[in-house]
2 protein chains.
Amino acid sequence: MVYPTMPFLFELSENTMSELKNDRFLRALLREPVDVTPVWMMRQAGRYLPEYRATREKAGSFMDLCKNAELACEVTLQPLERYPLDAAILFSDILTIPDAMGLGLYFETGEGPRFKKAVRTEKDVADLPVPDAESDLDYVINAVRTIRSALNGRVPLIGFSGSPWTLATYMVEGGSSRDFARSKTLMYTQPEVMHALLGKLAQSVTGYLNAQIRAGAQAVQIFDTWGGALAWDDYQAFSLAYMKQIIDGLIREHEGRKVPVILFTKNGGQWLESIADSGCDAVGLDWTTDIGLARQRVGDRVALQGNMDPATLRATPEVIRSKVASILERFGPGNGHVFNLGHGITPDIDPAHAGAFIEAVHELSAKYHEAG
Amino acid sequence: MVYPTMPFLFELSENTMSELKNDRFLRALLREPVDVTPVWMMRQAGRYLPEYRATREKAGSFMDLCKNAELACEVTLQPLERYPLDAAILFSDILTIPDAMGLGLYFETGEGPRFKKAVRTEKDVADLPVPDAESDLDYVINAVRTIRSALNGRVPLIGFSGSPWTLATYMVEGGSSRDFARSKTLMYTQPEVMHALLGKLAQSVTGYLNAQIRAGAQAVQIFDTWGGALAWDDYQAFSLAYMKQIIDGLIREHEGRKVPVILFTKNGGQWLESIADSGCDAVGLDWTTDIGLARQRVGDRVALQGNMDPATLRATPEVIRSKVASILERFGPGNGHVFNLGHGITPDIDPAHAGAFIEAVHELSAKYHEAG
């Protein structure tokens, strides 16, 4: 697959950006009527696609791929060539901010992300700079511009960031963790140091997402991957409070259109009511939540995004179709649903199964939108 | 610490078993009045205790320790010597049943449990025997008798088992897993094979827990460690349904006293209502659940057990005390609370902090029981 190169795209102004041909995704996030339920997949540009693996090979390391705007654009668009997806998502990593703070992100095969420097003390936190997204994370902002231009109005582009708590766990642990021993110890023994770190991260994420919006992101998602590891009251104080700060500081309208915010706390199903009160437009759900009950709980405050177990994609297309049908039925008729998996698609999935999933969402959802 | 050896204890009849000196734990599980909130800790006989590490050293491997009734008794009683705990729990492993089915359980350092043989096909499942607990798991049943006798009525003894779904994941994966790829694939592609496996496991667990009860366990807990990784509807069909089968088949009264059943699904906080309807007497909560809301949701159907984040034990005794106070306050006055951690205590905890936790529960809870 070859995409045109666009040498002049950084000079495109907002006004030259073309009209959206498919705005189902944005409409559903704002609980407006749609013809069918829009669908995208977390990690849709990923290793399950042979064309992704080929581009990745060409790029070098994973971070080389993230830092090359043209190749990042290429992989972002690959799943859209295969499937009638209703949104594209910026190809990047959630740990770009701590990397820009000077911690030295790297990836060890089979080990997940690591940092050369960890953040452990009050001084470590005080010494962290708040990055300027336009200059310190210019490779991400360039990628947003490149992708937005290449999309040419086909579907909306989603920008994203990790949540402050999620970023903090990687920074304090120095990488991935099973039980967040160091982050929770810091939180319980020196809460003021953890709050200082989270405050800096909230400020950084706000600037980062706003730069993505100015560069062309038409919706943004905050990935709170590890908020669900916290006690319910610690979640409020150490994760949700900082996501609220971010949402309060975001550009909510751009290019004459609302920029919806999706908040996704994995394992946050117990806290939907307070997440829905955060100021976000949509709440992401993992597969442990009954989306029908979730809709009753949040009422018409927010849209819902989700929530099929990505493991279902290992089953036959018939089983996938029946799971899609069951989630659509639980949500029921009416507006405010963006279909997605409950977490990222895994590398072992047959691309044909992903196709069956997307097709099933569009085909089976039409009847729930007829009245609208 | 030295405990008397009891060469004749296998001949003790039920009638010679002494009266309970402290039955707070059993009373709280049945929502009866108590003077203070009873407390125990999951994995209270564990590596955080130097005396445990010494006995473990003496025993050889972890499974050698489980299989030696006298040493298993010794480590079971160690935390009771240090702390005024209100219950003892059988020292054993959750994977004894698959081991007795012939899968060859072993432990690799830093790797967690592994099986020599995994269960992957319809034939693998058909070939699995249902173990007879009295003969095939006699080392566990002997340990129950030994411990019960050594306790001499000091506090009640808890027996336990892994849940069918939790055991099945280890058996299908061949050990621990992060995303349960093989178990979920089997569940989605050959649900009838997974149901056959779970049916055999439910039958095995029922016999195993009943043998523990006959040997002297005064309450039993089902550990559904991985039920929370399932989609909400799959949880009902593949985990909760089989735990209900077990509960239906359990001896519910023994030695003239009710034998309460505790059901603990980690990450099951969204499903409390249906767990409370399973027939169990108490529901275990992890730290992600607000115990005050949980009490409202389950009403007077069941008691609640939990739910401090074990990571809190890394904080100072003052912080631990304030977290205990906050959980007691959320639960509020009245009966039906057994205090515990939301998961097992970890090896890095200072034993003095565990002591501060237990002391805080007893001291701070008294005022909530005065009216009773």
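Just so we're clear, the structure is a prediction, and the values are computed from it rather than from any experiment.

Focus on the nonpolar core
And step 1. Judged by nonpolar contacts, the single largest core of 257 residues is most densely connected at Leu90(A), Ile158(A), Val283(A), Leu90(B), Ile158(B) and Val283(B).
And step 2. The contacts of Leu90(A), once residues within four sequence positions are left out, are Thr76(A), Ala143(A), Val144(A), Ile147(A), Leu157(A), Ile158(A), Gly159(A), Phe160(A) and Ala217(A).

Some thoughts on the interface of chain B and chain A
Where interface size is given, it is often the accessible area lost as the parts come together that is meant.
And step 1. With 22 residues of chain B at the contact, the number on the chain A side is 22 residues.
And step 2. Tallying contributions element by element places helix H10 (residues 181-189) of chain B first for the side of chain B that touches chain A, with five residues.
And step 3. Of the residues belonging to the side of chain B that touches chain A, the class tally is eight nonpolar, 10 polar and four charged.

Describing the confidence of the model for chain A
Residue and element names in this part refer to chain A.
And step 1. Per-residue confidence for chain A averages 94 on the pLDDT scale, and 95% of its residues sit at or above 70.
And step 2. Note on residues 1-16: pLDDT under 50 across the span, and 19 contacts to partners over four residues away in sequence or across chains.
And step 3. Scored as a complex, the prediction yields pTM 0.94 and ipTM 0.92.

What about the pairing of strand S8 (residues 261-265) of chain A?
Residue and element names in this part refer to chain A.
And step 1. Among the five residues that make up S8, five are buried, leaving the element largely enclosed by the rest of the structure.
And step 2. Residues Val261, Leu263 and Thr265 of S8 are buried on one face, and the alternating residues Ile262 and Phe264, pointing to the opposite face, are buried as well.
And step 3. Pairing geometry for strand S5 (residues 219-224) and S8, over five bridges, is parallel. What sits directly across from Val220, in S8, is Val261.
And step 4. Summarising the sheet, S8 and strand S9 (residues 282-284) pair through three bridges and their orientation is parallel. When the sheet's bridge partners are listed, Phe264 is paired in S9 with Gly284.

Observations concerning helix H9 (residues 164-173) of chain B
Residues and elements named next belong to chain B.
And step 1. Of all 10 residues in H9, 10 are buried, a share of seventy percent or more.
And step 2. Within H9 the residues assigned to the buried category are Pro164, Trp165, Thr166, Leu167, Ala168, Thr169, Tyr170, Met171, Val172 and Glu173.
And step 3. Of the residues one or two after H9, Gly174 is the one with positive phi, at around 85°.

Here we look at the sheet that holds strand S5 (residues 219-224) of chain B
Residues and elements named next belong to chain B.
And step 1. As summarised here, the arrangement of the seven strands in space is S1-S4-S5-S8-S9-S10-S11, forming an open sheet in which the pairing is parallel. Each edge of the open sheet carries a strand with a single partner, namely strand S1 (88-89) and strand S11 (337-338).
And step 2. Relative to S5, strand S4 (residues 157-162) is paired through five bridges, and the arrangement is parallel. Looking at the pairing, Gly162 lines up with Phe223 of S5.

Observations regarding the pairing of strand S4 (residues 157-162) of chain A
Residue and element names in this part refer to chain A.
And step 1. Counted residue by residue, S4 has six buried out of six residues, so it is predominantly covered.
And step 2. Neither face of S4 is exposed, since Leu157, Gly159 and Ser161 on one face and Ile158, Phe160 and Gly162 on the opposite face are all buried.
And step 3. With two bridges connecting them, strand S1 (residues 88-89) and S4 associate as parallel partners. Paired with Ala88 across the strands is Leu157, a residue of S4.

Looking at the sheet that holds S4(A)
All names here are of chain A.
And step 1. Here seven strands make up an open sheet; going across it, the order is S1-S4-S5-S8-S9-S10-S11 and the pairing parallel. Unpaired on one side and paired on the other, S1 and strand S11 (337-338) mark the two borders of the sheet.
And step 2. Relative to S4, helix H8 (residues 138-151) is tilted by about 155°, and along the sheet it contacts S1 and S4.

What counts and how
Residues numbered from 1 in each chain as written. Chains lettered and ligands numbered in written order. Predicted model: local features only at pLDDT ≥ 70, side-chain atom pairs only at ≥ 80, totals over all residues. Core = buried A, V, L, I, M, F, W, Y, C linked by C-beta atoms within 7 Å. Buried ≥ 20, exposed ≤ 12 C-beta atoms within 10 Å, placed from the backbone. Contact = placed C-beta atoms within 7 Å. Helix = DSSP H or I, 4+ residues; strand = E, 2+ residues; numbered from the N terminus. Nonpolar A, V, L, I, M, F, W, Y, C, P; charged D, E, K, R; others polar. pLDDT = per-residue confidence, 0-100. Pairing = 2+ DSSP bridges. Axes fitted to C-alpha atoms, helices over the stretch in contact; angles between N-to-C directions.

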